Amino acid sequence: MPLDGCHNSVTRREFAGEAVWVHRKGAVATEGEPVVIPGSRGSLSYLVKPIGDSGSHAWSLAHGAGRKWARSETRLRMRERFGTHQLTQTPLGGRVICERRELLYEEAPAAYKNIEDVVQDLVDARLVSVIATFRPLLTYKTRALRR
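Quantities reported herein were computed from a predicted structural model and do not represent experimental measurements.

Here we come to the side chain of Thr-30. Position of Thr-30 among the secondary structure elements: in the loop between strand 3 (27-29) and strand 4 (35-37). Relative accessible area serves as the criterion here: at 1%, Thr-30 is assigned to the buried category. Within the structure, Thr-30 has its side chain in polar contact with the backbone nitrogen of Gly-32 (distance 3.3 Å). Apart from the residues lying within four places of it in its own chain, the contact partners of Thr-30 are Val-35, Pro-50, His-57, Trp-59, Ser-60 and Leu-61.

Next up on the list: the pattern of salt bridges. Counted according to the given criterion, the structure contains 10 salt bridges. Residues Arg-71 and Glu-106 are paired through a salt bridge, measuring 3.3 Å at the closest nitrogen-oxygen approach. Taken together, the positions of Arg-71 in helix 1 (residues 71-81) and Glu-106 in helix 3 (residues 101-106) put the pair 35 residues apart, joining distant regions of the chain. A salt bridge links Arg-75 to Glu-102, with the nearest nitrogen and oxygen atoms 3.3 Å apart. Of this pair, Arg-75 sits in helix 1 while Glu-102 sits in helix 3, and the two are 27 residues apart along the sequence. For Arg-75, a relative accessible area of 21% puts it in the partly exposed group. Salt bridges sharing partners connect three or more residues here, namely Arg-67, Arg-71, Arg-75, Arg-79, Glu-102, Glu-106, Glu-107 and Lys-141.

Attention shifts here to helix 4 (residues 115-124). Buried within helix 4 are the following residues: Ile-115, Val-118, Val-119 and Leu-122. Along the axis of helix 4, the buried residues cluster in a sector spanning 95°; they form a single face. Counted as exposed and oriented over 90 degrees from the buried face of helix 4: Asp-121 and Asp-124. At its buried positions, helix 4 is contacted by strand 4, strand 5 (45-50), strand 6 (60-62) and strand 8 (128-134). Where helix 4 ends, the next residue or the one after it, Arg-126, has phi of about 60°, a positive value.

The next thing to look at is the sheet that holds strand 4. Pairing is antiparallel in the open sheet, where 3 strands are placed in the order 4-5-8. Edge positions in the sheet fall to strand 4 and strand 8, since each of these pairs with one other strand and no more. Sheet twist, expressed as the mean angle between neighbouring strand axes with direction ignored, is 35°. Looking at chain direction, strand 5 and strand 8 are connected through 6 bridges and run antiparallel. Within strand 8, the residue paired with Lys-49 across the bridge is Ser-129. Its contacts with the sheet put helix 4 on strand 4, strand 5 and strand 8, and the angle it makes with strand 8 is roughly 150°.

Quick notes on the rules
Residues numbered from 1 in each chain as written. Predicted model: local features only at pLDDT ≥ 70, side-chain atom pairs only at ≥ 80, totals over all residues. Heavy atoms only, no water. Helix = DSSP H or I, 4+ residues; strand = E, 2+ residues; numbered from the N terminus. Buried < 20%, exposed > 50% of the residue type's maximum accessible area, 1.4 Å probe, protein only. Polar contact = N/O pair within 3.5 Å; in protein donor to acceptor, adjacent residues only side chain to side chain. Contact = heavy atoms within 4.5 Å. Salt bridge = Lys/Arg side-chain N within 4 Å of Asp/Glu carboxyl O. Arc of directions from axis to C-beta. Pairing = 2+ DSSP bridges. Axes fitted to C-alpha atoms, helices over the stretch in contact; angles between N-to-C directions.

Listed below in structure tokens is the structure:
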């Protein structure tokens, strides 16, 4: 069952008999079906089942933990602390394939907030129940080259 969720979107919905536009920035759409809330390449990802009234949270859930550092700040911090070989192996035993050194640093796990806190907040708010967790074994990072 492949699961993929766009986390920046604008979609049209019917709500209370009216057409409304839902703008999601860093959120994934949910229609009551399970969704993946991804962690970083150095943390677990979560398969969750939305519970309760989806309309009360605009048919949306957090897409992930979000960044705690900007990309440029992350590059500086990570280059000072780690070599590329240290960032191609994760603490969870996974491997990272990335041909662009800058992207390897920009997407370092330390750049992201704690996904466990985000998921626990969603559980505590009675928005989701956790179905399963996934440990990343292989992460492939790429960025389209500009022409």
